[in-house]
Amino acid sequence: MPAESDYTTYRSAMQALRGARETSARAFYGGLRHRRRRIWIGARTVLDGAERIHVREGGALRIGLGSFGLSSEHDTSVVRVREGAAFHCDGIVSLQRGVRVVVDGGRLTIGHGTNVNGVGTKLLCATGITIGEHCTLSWDVQLLDDDFHAITLDGVEQPRSGPITIGDRVWVGTRAVVLKGVTIGDGAVVAAGAVVTRDVPAGAVVGGVPATVIGRADSWT
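Residues numbered from 1 in each chain as written. Predicted model: local features only at pLDDT ≥ 70, side-chain atom pairs only at ≥ 80, totals over all residues. Heavy atoms only, no water.

Caption draft 1: Quick peek at the overall build of the protein chain. Scanning the protein chain for helices and strands turns up two helices and 24 strands. Here the protein chain has a C-alpha radius of gyration of 18 Å; the compact-globule value for 221 residues is 17 Å, and the two agree. Expressed as lengths along the three principal axes of its C-alpha atoms, the size of the protein chain is roughly 55 × 40 × 30 Å. The burial tally for the protein chain puts 47% of its 221 residues in the buried class. (Helix = DSSP H or I, 4+ residues; strand = E, 2+ residues; numbered from the N terminus. Rg over C-alpha atoms; globule rule 2.2 N^0.38 Å. Buried < 20%, exposed > 50% of the residue type's maximum accessible area, 1.4 Å probe, protein only.)

Below is the structure:
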């Protein structure tokens, strides 16, 4: 059974959303279905493969429990974990309303304190995606560890997939795209609209298409 504090936090969040007319009693009681797995749902959600979601002891996966601005009660979150794949939450992880998370293969791991905003954000995992602690992914972000098509250049077939690794305290701006095989170091910032095709050093600010280093992030909040 989840700790009483988990349920209390969930109930308080749902009461706040209900007061703002952002959720319903139906969503609340539906969200309780997955409480034994420490998955707490506050908005319309398609959840497939809940048994393949592993939440660390003391952690929680919170879907659609944040306050909303860009989304409405009509937006639906989608979290799918296919057979043979896995989704690991290493602490308290927040997925906001309208997010799309599909783990077709490999393992998606998200660290404690990380927030993934909804409304167009997509995490599509075929090989492996690891996101560290206390990261923020903004709206309309895409993480793609697979091209989903074979590509041949000058007669040579290119690697189709490669794991993505994102360190701790990384901020990924709105409409940024992170492609296969990329590692982003701790404390880095990816500017809005950037397309990241190569590794990003720790603490760097990158922007553009393809993304290049444009500065140094002393801190961000």
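Picking up where we left off.
Caption draft 2: Summary view of the environment of G49. With respect to the element layout, G49 can be found in the loop between β2 (45-48) and β3 (53-55). Counting along the chain gives 17 residues from G49 to L32, while the straight-line C-alpha distance between them is 16 Å.

Caption draft 3: Quick peek at the packing of aromatic side chains. What the rule picks out here adds up to one aromatic pair. Considering the side-chain rings of Y10 and W40, the 4.9 Å spacing of their centres and the 45 degrees angle between planes classify their relative orientation as tilted. Of this pair, Y10 sits in helix α1 (residues 4-19) while W40 is found in strand β1 (residues 39-41), placing the two residues 30 residues apart along the sequence. W40 shares its class with Y10; the two are buried. (Phe/Tyr/Trp six-rings, centres within 6.5 Å; stacked < 30°, edge-to-face > 60°.)

Caption draft 4: Seen up close, the environment of F28. Summarising the element assignment, F28 is placed in helix α2 (residues 25-31). Exposure remark for F28: the relative accessible area of 13% places this residue in the buried category. Filtering out sequence-adjacent residues up to four positions away, F28 remains in contact with Y7, Y10, R11 and M14. (Contact = heavy atoms within 4.5 Å.)

Caption draft 5: Structural detail: unusual backbone geometry. A cis amide bond links V209 to the next residue, P210, at an omega of -10 degrees. Relative to the helices and strands, P210 is located in the loop between β23 (204-207) and β24 (212-216). Unusually for a residue other than glycine, F148 sits at a positive phi of about 65 degrees. Mapped onto the secondary structure, F148 falls in the loop between β14 (142-144) and β15 (152-153). Positioned with a positive phi, R169 is a non-glycine residue whose angle comes to about 55 degrees. Note on placement: R169 falls in the loop between β17 (164-166) and β18 (171-172).

Caption draft 6: Structural context of the pairing of strand β9 (residues 107-111). Taking burial as the measure, the five residues of β9 include four buried ones, the bulk of the element. Across five bridges, strand β6 (residues 86-90) lies against β9 in parallel orientation. Bridged to C89 within β9 is I110. With four bridges connecting them, β9 and strand β12 (residues 128-131) associate as parallel partners. Within β12, the residue paired with I110 across the bridge is I131. (Pairing = 2+ DSSP bridges.)

Caption draft 7: Summary view of the sheet that holds strand β21 (residues 189-190). Here we have nine strands laid out as an open sheet, ordered β1-β4-β7-β10-β13-β18-β21-β23-β24, and mixed in their pairing. Edge positions in the open sheet fall to β1 and β24, since each of these has one partner strand only. With two bridges joining them, strand β7 (residues 92-95) and strand β10 (residues 115-116) adopt parallel strand pairing. Bridge pairing in β10 places S94 opposite N115.

Caption draft 8: Representation of the environment of T121 in the model. Structurally, the position occupied by T121 is in the loop between β10 and β11 (122-125). Spatially, the C-alpha atoms of T121 and R175 are 8.2 Å apart, while their sequence positions differ by 54 residues. Sequence-distant contacts of T121, that is, excluding residues within four places in its chain, are made with V99, R100, V116, S138, W139, D140 and V141. A polar contact is formed between the side chain of T121 and the backbone oxygen of N117, at a distance of 3.0 Å. At 3.3 Å, the side chain of T121 and the backbone nitrogen of V141 are in polar contact. (Polar contact = N/O pair within 3.5 Å; in protein donor to acceptor, adjacent residues only side chain to side chain.)

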